[in-house]
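Chain by chain, the residues:
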Amino acid sequence: MTYFEALEKNSVVGIDDSCVKTVDSVISKVFLYKTFARKVYRYDNGFVGRLDDPVFRRKFVQEDFVWNNLMCPEIYLHLEGAKQVDGVWQVCPMAEAEDFSIVMAKVDVEKNLHHTLLQGKANAVIVGKVADTMMTRLHNLTLLKAATIPTFKRPWRELYLLRLQDLREWCAMVPEQLPVMYVQNVLQALEKIADDPYVRAYDSAKMQVAIDNHAGNILIFDDSIEFLDIYQFKEHWLAVDPLVNITRPAADVFALGGEALGQAFLKAATPYYSMPDDKTVYAYLIEAALILVAYQYMLKKPDIAARYLDWIDSHFLKIQ
C-alpha cells in the first residue's frame, strides 16, 4: 500500500483525525480534515518530472512548500514526513521520511477568482486588489529567491521559446480536444513574437520570479487575497518577463469575466510594469489562455475550456 492509498483509507498511524473530503488536481490530491488539510502528489512520471522517484520527489515537495510558504505562510504550515514500518504507514521526522505531505490550514477553495468570475461576482475593485497584491508579493519574492535561480542568467527570448515547446507538449495531452493543427497554428504565431524587438532584445535585469497564478489558485477573502499552489514545476519556468505573471490571471479574467474586466486587470497592473505594444500583450494572453484550455479539458470541464478557446479565436488576429 502506498502512502497515498493509506491516507485514502485513513490508516496512517499518527494522524488521529479522519479525512472528510478530497479535492483532485491533475498531479495531486488534497485531503481535507476538520480543521486542516494535507496535499500529496501522485506518483507520476510525466510532464512535471519523476514524482515516482524518491530523490526527485523529496526535492520537489520541499521546494513546493518553501515557495508557497513564502507567498502565503498563513495557509502553508509545515511539511510532514511518513514511513512504512512493518507494512504500516506512520508519521515520522522528515529526515526518516519515505514520503511527504504538505500540511495546510483549511480554507474554502471555492472562494477563488475562478469561481468569482464564473458567478459574475467579480468587479474592477476585486481584480484591482488581486493585481495589486500579486505584484507586491512577487516583487518581494523576487528579492528573496532570484539570486538562487540560475535561470535569471538566461536570455528571455530563449526562455520564451522553451515555454512554447512545453505548451506544445501540454496541449498534446488532450489531442482529441485540441487538434495538432490548431495548436500548431497558434504556436507558430506565438513563435514569431520571439523575433519582435520587445522579446528579442529584452533586458533580463527586469525579470521576475514566476508563480502558477491562474484564477483557480487565487483566493478572494473579505480582508485579503491569498495564493495556493504557486510553485512552478520546471527550472526554466522560474524566471519570466513580469508580463507573463500579469497575463496569466488576466487571461482568466478576459475569458470568464469579459473584455472590460480584463482591461481593468491590466490597468491595475500597469503601475508595477509598463505594458508593451498590444501585439505582445495579446500574444502573452493567448499563450496563457491556451494553457488553461488544455487544463480545463484535463479537469473534464469542456464548457469552461470552450470559453478560453472562443476568446483565443476572437482575438487571434491581434497577433498576426
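Nothing here was measured: the structure is a model prediction, and the numbers come from that model.

Asks: What should I look at first to understand the overall build of the protein in this one?
Replies: A count of helices and strands for the protein gives eleven helices and ten strands. In summary, the protein has a C-alpha radius of gyration of 20 Å against a globular reference of 20 Å for 320 residues, a match within 12%. With respect to the principal axes defined by its C-alpha atoms, the protein has extents near 60 × 40 × 40 Å. Expressed as a percentage of its 320 residues, the buried residues of the protein come to 54%.

Asks: I tried to follow the packing of helix α5 (residues 156–171) against helix α10 (residues 278–298) on my own but got confused; where do I start?
Replies: Packed helices, taken two at a time, are described by the angle their axes make and the gap between the axes. Across the interface, α5 lies against α10 with an axial gap of 10 Å and an inter-helix angle of 25°. Here α10 runs roughly parallel to α5, going by the angle between their axes. Of the two possible hands of crossing, α5 and α10 adopt the one that is left-handed. Taking contact as the criterion, the partners of W156, Y160, R163, L164, L167, W170 and C171 in α5 are, on α10, Y284, E287, L290, I291, A294, Y295 and M298. Across the contact of α5 with α10, the residue classes tally to twelve nonpolar, no polar and two charged.

Asks: Help me out: how do you make sense of the sheet that holds strand β2 (residues 28–32) in this one?
Replies: Adjacent strands of a sheet form backbone hydrogen bonds with each other and so pair up, either parallel or antiparallel. Pairing in this open sheet of six strands is antiparallel, and the strands run β1-β2-β3-β6-β4-β5 from one edge to the other. In this open sheet, the two strands that pair with only one neighbour each are β1 (21–24) and β5 (88–92). Here the average twist between neighbouring strands, direction ignored, is 30°. In terms of strand pairing, strand β4 (residues 76–85) meets β5 through five bridges, oriented antiparallel.

Asks: Teacher, can you tell me more about the nonpolar core here?
Replies: Side chains of nonpolar character tend, in soluble globular proteins, to be buried together. Ranked by internal contacts, the top residues of the largest apolar core, which has 112 residues, are W156, Y160, L178, L190, F265, V293 and W311. Per-element accounting of this core gives the leading share, 16 residues, to α10. Aside from chain neighbours lying at most four places away, what touches F265 is V127, V130, A131, M134, I246, P249, A250 and V253. Grouped together as the second largest cluster of nonpolar side chains are 14 residues, I15, Y33, A82 and V103 included.

Asks: Just to check I follow, could you spell out the side chain of S224 for this structure?
Replies: Within the secondary structure layout, S224 lies in the loop between β8 (218–220) and β9 (225–227). Within polar-contact distance, the side chain of S224 engages the side chain of E226 at 3.3 Å. Those residues in contact with S224, other than ones at most four positions away along the chain, are K129 and L219.

Asks: Just checking my understanding: could you explain the pairing of strand β3 (residues 36–41) for this structure?
Replies: On a regular strand, one side chain projects to one face of the sheet and the next to the other, so that they alternate. Of all six residues in β3, six are buried; the element is thus mostly enclosed. Pairing between β2 and β3: five bridges, direction antiparallel. By the bridge assignment for β3, V30 is matched with K39. The antiparallel pairing of β2 with β3 creates a hairpin that spans three residues between the two strands. Sheet analysis places β3 next to strand β6 (residues 99–105), joined by four bridges and oriented antiparallel. Within β6, the residue paired with R38 across the bridge is V103.

Asks: Just to check I follow, could you spell out unusual backbone geometry for this structure?
Replies: For residues that are not glycine, phi is negative in most cases, and the peptide bond is trans in most cases. Within the chain, N10 stands out as a residue other than glycine whose phi angle is a positive 55°. If you trace the backbone, N10 turns up in the loop between α1 (3–8) and β1. Positioned with a positive phi, K300 is a non-glycine residue whose angle comes to about 60°. In this structure, K300 sits in the loop between α10 and α11 (302–315).

Asks: Explanation requested: a nonpolar patch on the surface in the structure shown.
Replies: The grouping of V66, L70 and L144 at the surface amounts to a nonpolar patch, some 240 Å² of accessible area in total. Assignment of secondary structure puts V66 in helix α2 (residues 54–71).

Procedures and definitions
Residues numbered from 1 in each chain as written. Predicted model: local features only at pLDDT ≥ 70, side-chain atom pairs only at ≥ 80, totals over all residues. Heavy atoms only, no water. Helix = DSSP H or I, 4+ residues; strand = E, 2+ residues; numbered from the N terminus. Rg over C-alpha atoms; globule rule 2.2 N^0.38 Å. Buried < 20%, exposed > 50% of the residue type's maximum accessible area, 1.4 Å probe, protein only. Axes fitted to C-alpha atoms, helices over the stretch in contact; angles between N-to-C directions. Parallel < 35°, antiparallel > 145°, perpendicular 65-115°, else oblique. Left-handed = near helix turned anticlockwise from the far one by under 90°. Contact = heavy atoms within 4.5 Å. Nonpolar A, V, L, I, M, F, W, Y, C, P; charged D, E, K, R; others polar. Pairing = 2+ DSSP bridges. Core = buried A, V, L, I, M, F, W, Y, C linked by side-chain atoms within 4.5 Å. Polar contact = N/O pair within 3.5 Å; in protein donor to acceptor, adjacent residues only side chain to side chain. Patch = residues over 30% accessible without salt bridge, like charges linked within 9 Å, V, L, I, M, F, W, Y side chains within 5 Å. Areas by Shrake-Rupley, 256 points an atom, 1.4 Å probe, with all protein chains shown as cover. Salt bridge = Lys/Arg side-chain N within 4 Å of Asp/Glu carboxyl O.

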